Amino acid sequence: MTAKKTVSIAATLIAISLSLAACSSKSGSKNDQQVLNWSEATELSSIDPSKATDSESFDMLGNSMEGLYRLGKNSKVEPGIARSTKISKNKLHYTFTLRKGAKWSNGDEVTAKDFVYSWKRTIDPKTGSSYSYLFDGVANANDIINGKKSPTTLGIKADGKYKLSVTLDKQVPYFKLLMGFPVFFPQNEKAVKKYGSNYGTESKYMVYNGPFVMKNWTGSNLSWKFKKNNDYWDKKNVKLSGINFKVNKSPSTAYNLYQSGKSDMSQLSTEQARQLNKKPGFTVEKSGQMTYLEFNQKQAAFKNTKIRQALSLAINRKQLAGKIMGEGTEIPTGIVPNGLAKNNGTDFSKEAKTDDLRYSESEAKRLFNEGLAEIGQSKLRFTLLGADTDQSKDVTAYIQSQLEQHLGSDKIRVDVSNVPLKTRLSRSRAGNFDVVAANWVADYTDPISFMELFTTGNEYNDGSWSNSQYDELIKAAKTTDAADPDKRWNDMVKASKILSKDMGVSPLYQQNSPEMIRPKVKGLIVNSAGVMYNYKNVHIEE
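These lines cover the structure that appears in this document, whether it is placed above or below. (Residues numbered from 1 in each chain as written. Predicted model: local features only at pLDDT ≥ 70, side-chain atom pairs only at ≥ 80, totals over all residues. Heavy atoms only, no water.)

## What about the overall build of the protein chain?
Stated formally: Only DSSP runs of H or I with at least four residues qualify as helices, and only runs of E with at least two residues qualify as strands; both kinds are numbered from the N terminus onward. Our radius of gyration is a C-alpha quantity, and the globule rule it is checked against amounts to 2.2 Å times the number of residues to the power 0.38. Only protein chains enter the calculation, and the probe is 1.4 Å; a residue is then buried if its accessible area is under 20% of its type maximum, exposed if over 50%, and partly exposed in between. Should any heavy atoms of two residues lie within 4.5 Å, those residues are counted as being in contact. To be clear on the numbers: accessible area is Shrake-Rupley with a 1.4 Å probe, and residue cover counts the displayed protein chains and nothing else. Working convention for charge: Lys and Arg count positive, Asp and Glu count negative, and His plus the chain ends are omitted. A charge is said to be at NZ when it belongs to Lys, at CZ for Arg, at CG for Asp and at CD for Glu.
For the protein chain, the helix and strand inventory stands at 18 helices and 23 strands. The C-alpha atoms of the protein chain give 23 Å as radius of gyration, which agrees with the globular expectation for 542 residues (24 Å, within 12%). Oriented by its inertia axes, the alpha-carbon framework of the protein chain measures out at about 70 × 60 × 45 Å. For the protein chain, the proportion of its 542 residues judged to be buried stands at 58%. Sequence separation of at least 24 residues holds for 71% of the intrachain contacts in the protein chain that already meet a minimum separation of 6. For the protein chain, the exposed area adds up to about 21000 Å²; of that, 47% sits on carbon and sulfur atoms. Computed over 77 positive and 57 negative side-chain charges, the inter-centroid distance for the protein chain is 5 Å.

Now the structure itself:
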């Protein structure tokens, strides 16, 4: 997901003090108590489905809007606006029958033309969507992206108000999962044209068709709200009357609220997780997120393979996972997280494992000196870019220390710059960095969600790494081998090993989030990919 997206380490809070809760239990209705307070780790970037790039924004879209499908437990697709689906024998044509009566918050009915308009808007190069590449496989999508055909030729059409037809030019094994991702959600043409350049930049410049409507987000503030959408087609199954969101970049702030009884969930720091992992309510949320170092390979130093390999070998990932990140953090075996996808019962991360992510100070020094000699330098100084959360600050400080300690402070100098997420994302996309601690969360439960990021020219290949053999393997996985699960899988395994050996990026750790959640919060669905937090069926048990 994203320009790189960072996963929210969320916190669920009940917006009622103890005294007010006691009072409401006597005089308030049950619905009055169904208010959730949720802590976000970072700010939002956009709620325009065509332009959002981070997991926080996609979580907001996934709960205030709805596509053909929703993601249920374990990323299982569930009915959304699509009431039924027919798939042709060759799996190149999908016909969706839409439910009648679904509405936008401006009163308009949600129809097939809203999907047609949205998809064509997103893929139009003039829109500047970073996610247009996900449409690869929809007929004519690539030619449209490359400016060779008009967006009007995209393989999607409305057959009346309630029939939507999609034509593919190749099989897409994960197509249904894509339909639960906000980039493929409908958009109301009237609203887009009414709000113009403001569309999606604030909650008031948006219309909604999901379980909730969004309120009070100004585009830069650190708090906003959800209110139950009484026009939602399945409103009877939405139990919450509202959700209050607030950005807390420090786990200690969230935990203080939890301790004082003002919240029902808190993200935990490493030390907190160690102390509380035996307490009732402690949980570790599995995530399809990988944090990795991305090198700006337009710079001579980072174009050098030996220097990239040396920087990676100088980092003790076991120590990073155990002492800095703490409970639940996993040491990566490659770029694809453990538990994301399996083939014939075998996890991808196990098949793609190499020894390239090992820690070796002696080998790191050797390769670093050889690399410096190859580029004609005796030492290297660069800036490591990261977000301004407590966690990111801890990670970048650790990387700085590891590199200077293990490669020699006389040979390397690492400056650290921690900036707000929006700034970090924009600088990454613009190539305005030396090395960045980047994050990616899978958009769907398939290895290709990670693997295609690093193909030549991909919107999210911010470091500009390029390898022709890698490109060919990913192309085969998406075209000639797409209909053969085993061949497709082997293509991606081989590509992952190439990425690891060449150190196109350097995976650091797999983020799994330790949290405390009070048992009274029920029905929360947390997925490792796509829209991570599904609040539709959440309720508070009194």
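## Here's the deal with the sheet that holds strand β16 (residues 380–387)
Operational definition: Between any two strands, pairing holds if DSSP finds at least two bridges. Axis lines are fitted through C-alpha atoms, for helices just across the contact stretch, and the angle between N-to-C directions can take any value from 0 to 180 degrees.
Taken together, the six strands give an open sheet; going across it, the order is β12-β19-β13-β18-β16-β17, and neighbouring strands pair in mixed fashion. At either margin of the open sheet sits one strand with a lone partner, and together these are β12 (265–267) and β17 (412–419). Sheet twist, expressed as the average angle between the axes of neighbouring strands with direction ignored, equals 30 degrees. Those strands touched by helix α14 (residues 390–407) are β13 (282–295), β16, β17, β18 (435–441) and β19 (505–517), and its axis lies near 175 degrees from that of β17.

## Some words on the sheet that holds strand β5 (residues 82–87)
Read from one edge of the open sheet, four strands run β5-β6-β8-β7, paired in antiparallel fashion. This sheet does not close on itself; its edge strands, each paired only once, are β5 and β7 (156–158). On average, adjacent strands in this sheet sit at an angle of 20 degrees to one another, irrespective of strand direction. Across three bridges, the pairing between β7 and strand β8 (residues 163–167) is antiparallel. Residue pairing across strands places lysine 157 opposite serine 165, the latter belonging to β8. Contacts from helix α3 (residues 112–123) reach β6 (93–98), β7 and β8 within the one sheet, and its direction differs from that of β7 by about 150 degrees.

## A word on the nonpolar core
Rules: Take the buried Ala, Val, Leu, Ile, Met, Phe, Trp, Tyr and Cys residues and link them wherever side-chain atoms come within 4.5 Å; each set so joined is a nonpolar core.
In this structure, Phe96, Trp119, Ile335, Met451 and Tyr535 are the most contacted members of the largest nonpolar core, which totals 112 residues. The contacts of isoleucine 335, once residues within four sequence positions are left out, are Met290, Tyr292, Phe450, Met451, Phe454, Ser496, Leu499, Val505 and Pro507.

## Here we look at the pattern of salt bridges
The criterion, for reference: The salt bridge definition used is simple: a Lys or Arg side-chain nitrogen within 4 Å of an Asp or Glu carboxyl oxygen.
Taken as a whole and judged by the stated rule, the model has 27 salt bridges. Where lysine 306 meets glutamate 374, a salt bridge forms, and the shortest distance between an N and an O atom there is 3.0 Å. Placement of lysine 306 in helix α10 (residues 305–313) and of glutamate 374 in helix α13 (residues 361–375) is noted, with a sequence separation of 68 residues between them.

## Side note on unusual backbone geometry
The phi dihedral of lysine 91 is positive, around 60 degrees, even though this residue is not glycine. Among the structural elements, lysine 91 can be located in the loop between β5 and β6. Lysine 91 gets classed as partly exposed once you look at its relative accessible area, which sits at 48%. In this structure, asparagine 344 takes a positive phi of about 55 degrees despite not being glycine. In this structure, asparagine 344 sits in the loop between β14 (342–343) and β15 (346–347).

## Structural notes on the environment of glutamate 56
For the record, the criterion: Distance and chemistry together define a polar contact, namely a pair of N or O atoms within 3.5 Å, with one atom able to donate a hydrogen and the other to accept it when in protein, and with adjacent residues in sequence counting only for side-chain atoms on both sides.
On the secondary structure map, glutamate 56 appears in helix α2 (residues 55–64). For glutamate 56, a relative accessible area of 0% gives the class buried. With 15 residues separating them along the chain, glutamate 56 and alanine 41 place their C-alpha atoms 8.6 Å apart. In this structure the side chain of glutamate 56 is engaged in a polar contact, spanning 3.0 Å, whose partner is the side chain of threonine 42.

## As for the packing of aromatic side chains
As a reminder, the rule being used: Working definition: a ring pair exists when centres of Phe, Tyr or Trp rings (six-membered ring for Trp) sit within 6.5 Å. Plane angles under 30 degrees give stacked, over 60 give edge-to-face, the rest tilted. The criterion is that NZ of a Lys, or CZ of an Arg, lies within 6 Å of the ring centre and within 35 degrees of the ring normal, and then a charge sits over that ring.
Tallied over the full model, the rule gives 29 aromatic pairs. Taking 5.5 Å as the distance between ring centres and 10 degrees as the angle between the ring planes, the aromatic pair formed by phenylalanine 212 and phenylalanine 226 counts as stacked. Pair noted here: phenylalanine 212 is in strand β9 (residues 212–215) and phenylalanine 226 is in strand β10 (residues 223–228), with a separation of 14 residues, a long-range link. With a relative accessible area of 0%, phenylalanine 212 lands in the buried category. Relative to tryptophan 233, the ring of tyrosine 232 has its centre 5.7 Å away and its plane inclined at 55 degrees; by these criteria the two rings are tilted. What makes tyrosine 232 buried here is its relative accessible area of 2%. Against the face of tyrosine 460 rests arginine 429, its NZ or CZ located 5.1 Å from the ring centre. Positioned above the aromatic ring of tyrosine 258 is the side chain of arginine 518, whose terminal nitrogen or guanidinium carbon lies 4.1 Å from the ring centre.

Keep in mind that these numbers describe shape and distance, not what the molecule does.
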